[in-house]
Amino acid sequence: MVKAIIGANWGDEGKGKITDMFAGEADIVIRFQGGANAGHTIINHYGKFALHQLPSGVFYEQTTNIVGNGVALNIPALLKEINSIVSAGVPMPKILVSERAQIVMPYHILFDQYEEERLSNRSFGSTKSGIAPHYSDKYAKIGFQVSELYDDAALKERLENVLEIKNITLKHLYKKPELTVEEIFTQIVEWREGLRPYVADTLSFVQKALASGKRILLEGQLGALKDPDFGIYPFTTSSSTLAGFGCIGAGIPPYEITEIVAVTKAYSSSVGAGAFVSEIFDEEADTLRKRGGDAGEYGATTGRPRRMGWFDTVASRYGCRLQGATEAVLTAIDVLGYLDEIPICVGYEIDGEVTREFPSTTLLNRAKPVLIKMPGWKCDLRGIKEFDKLPEEARNYVLFIEKELGVPIRMVSNGPLREEIIFR
Ligand code: GDP
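Residues numbered from 1 in each chain as written. Predicted model: local features only at pLDDT ≥ 70, side-chain atom pairs only at ≥ 80, totals over all residues. Heavy atoms only, no water.

1. Points about the sheet that holds strand β13 (residues 279-280)
How we decide: When DSSP finds two or more bridges between two strands, those strands count as paired. Secondary structure elements follow DSSP: runs of H or I no shorter than four residues count as helices, runs of E no shorter than two count as strands, and numbering proceeds from the N terminus. Contacts are assigned to residue pairs with any non-hydrogen atoms lying within 4.5 Å of each other. Working convention: axes come from line fits to C-alpha atoms, limited for helices to the stretch in contact. Angles between N-to-C directions cover 0 to 180 degrees.
Overall, antiparallel pairing links the 3 strands, which are arranged β12-β14-β13 in an open sheet. Each edge of the open sheet is held by one strand with a lone partner, namely β12 (268-270) and β13. Sheet contacts for helix α9 (residues 282-291): β13 and β14 (307-309); angle to β14, the most-contacted strand, approximately 100°.

2. Some points on the sheet that holds strand β5 (residues 64-67)
Read across the open sheet, the 10 strands follow the order β9-β7-β5-β2-β10-β1-β11-β16-β20-β21; overall the sheet is mixed. With one partner strand each, in any of the chains shown, β9 (199-200) and β21 (421-423) form the two edges of the open sheet. Where strand β2 (residues 28-31) and β5 come together, 4 bridges link them in parallel fashion. Directly across from Ile30, in β5, lies its bridge partner Ile66.

3. Regarding the site of the ligand
For clarity, the cut-off: Being near a molecule or strand, for a residue, means having at least one of its heavy atoms within 4 Å of it. Areas reported as accessible are Shrake-Rupley estimates using a 1.4 Å probe. Residue values count occlusion only from the protein chains shown.
Of all residues adjacent to the ligand, which total 22 residues, the nearest are Lys15, Gly16, His40, Thr41 and Ser413. Relative to its unbound accessible area of 590 Å², the ligand is 98% covered by the protein chains. When residues of the shell around the ligand are traced back to their parent elements, those giving at least two are α1 (15-23) and β3 (40-44).

4. What to know about the state of the cysteines
Two cysteines, two sulfur atoms, one covalent bond between them: this is a disulfide. Basically, it comes down to this: Disulfide assignment relies on a single distance test, namely cysteine sulfur atoms paired within 2.5 Å. Exposure is judged per residue with a 1.4 Å probe applied to protein chains only, and the accessible area is read against the type maximum: over 50% gives exposed, under 20% gives buried, and values in between give partly exposed.
All chains considered together, the criterion is met by 0 disulfides. Residue Cys320 stays outside any disulfide, its sulfur separated by 15 Å from that of Cys345, the closest cysteine. Looking at Cys320, the relative accessible area reads 2%, which means it is buried.

5. Quick look at unusual backbone geometry
A cis amide bond, omega 5°, links Tyr233 with the succeeding residue Pro234. The backbone of Asp12 shows a phi angle near 60°, a positive value even though the residue is not glycine. Assignment of secondary structure puts Asp12 in the loop between β1 (2-7) and α1. Its relative accessible area of 18% is what places Asp12 among the buried residues. Positive phi is not limited to glycine here, since Asp351 has a value of about 50°.

6. Notes on helix α5 (residues 152-173)
Put simply, the test is: To estimate the expected span of a helix, count its residues, drop one, and scale the result by 1.5 Å. Fitting one axis to the seven residues ending at a residue and another to the seven starting there, the bend at that residue is the angle between the two axes.
The end-to-end C-alpha distance of α5, which contains 22 residues, comes to 30 Å, matching closely the 32 Å that a straight helix rising 1.5 Å per residue would cover. The largest bend in α5 is about 25°, located at Leu163. Those residues of α5 not exposed but buried are Leu155, Leu159, Val162, Leu163, Lys166, Asn167 and Leu170. Tucked inside the fold, the buried residues of α5 contact α3 (106-119), α4 (131-139) and α6 (181-195). Following α5 by one or two positions, Lys175 adopts a phi angle in the positive range, close to 55°.

7. Digging into the domain arrangement of the protein chain
It is common to report an interface's size as the accessible area lost on association of the parts. Heads up, the condition is: Boundary definitions for the domains trace back to an automatic or database domain assignment. The buried area of a pairing is the accessible area, by a 1.4 Å probe, that goes missing from both parts when the two are put together, added over both. Any Lys or Arg side-chain nitrogen found within 4 Å of a carboxyl oxygen on Asp or Glu counts as a salt bridge.
Each domain of the protein chain was delimited in the assignment, giving domain 1 (2-86 + 204-423) and domain 2 (102-197). Averaged C-alpha coordinates put domain 1 and domain 2 at centres separated by 30 Å. Between domain 1 and domain 2, the residue contacts involve 25 residues of the former and 20 residues of the latter. The largest contributions to the domain 1 side of the interface with domain 2 come from Leu73, Ile75 and Ser238, which together make up 31% of the buried area. Counting every contact that joins domain 1 to domain 2 gives 0 salt bridges.

Below, the structure written as structure tokens:
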């Protein structure tokens, strides 16, 4: 049985907390895309953690955590992350890294930085963690899989070939120092020893687990609107953020993914550039950002203040559909308790016409939000355990969103802690 926990929006929906909750019942948790460029925040009895590459099952001793082949593997960051949780008192988790995962090379990070410098104020707001150069190389077939790191002769030969290309760009486009095979090789030799204990044929592991009825959780990074095909391209990420990609990035047959839990937040936030129709600004945004302080409205990896906006039914319905959501979770509803009225974006006005369908980028850039207002509940919702105990206004807010999404909201999260959740 495979359940996917993925984002319906731009990321930062609170997937970390929800994955952490479900991870307790899972035998295996798998990261299937993305890299060290974004993070989940998890608060539990060990403390508060921002996980970037480690699957959220690392806090449970019985769970095997897999870094799947679809992940952009940053080896030093992964090793540092393992170290940081263990030194915070978490028992050493079971971790497997796919031998087919491709690694973020030292020059991927450099190229990311140099490209942002080159673009200057036209930049995409990259996190500069090498993700775009990494996936470009993967599909250009000049990337390196984990298994290749342990064959010196073949590795050197491929490095020679790849660096020939890289050095032309470094020298002529970026006017930066060229790289040598020796320096990259030496770096990899250092990294690969630390990684060795975790490297495994995760595909066979997962297939055996499926055959013996194990429960698997796929953990998505970012959200549907950052998907390179269906999101706000080119302001997307570079690997697919959709549950369907779990089949590729983890090696799972499509029909095995039977539960798809789309996480969506009671308001919107986004990091990086690109269209964000329901965005709010200035004081209105600052207030929401501060109220969402517990919801970490500063990027878990980058610390950048997030862009804020009202709940967007057009984008979220689209996100749920893209994900193939079988159910939804609405998070951070506690954050909205200060508002007399809560705006919700229910349509996009484009060239004088209102649509409920999420458009492609060119039209999207011209879209203006059509807002309605719902009565606020003006109280603190934290501590409430049952849906019926929520104030009527809060119930109506959830029910309205549920109707707009067309997907049952099975959980409402009313605080960052694991137990702050209302099941329906
Ligand atoms: P992810 O990338 O989707 O995992 O989201 P992040 O972990 O980056 O951001 C979610 C933030 O919201 C974290 O700081 C969580 O502790 C917090 N959070 C999750 N659910 C809730 C909630 O229901 N209420 C509040 N106030 N914070 C929440």
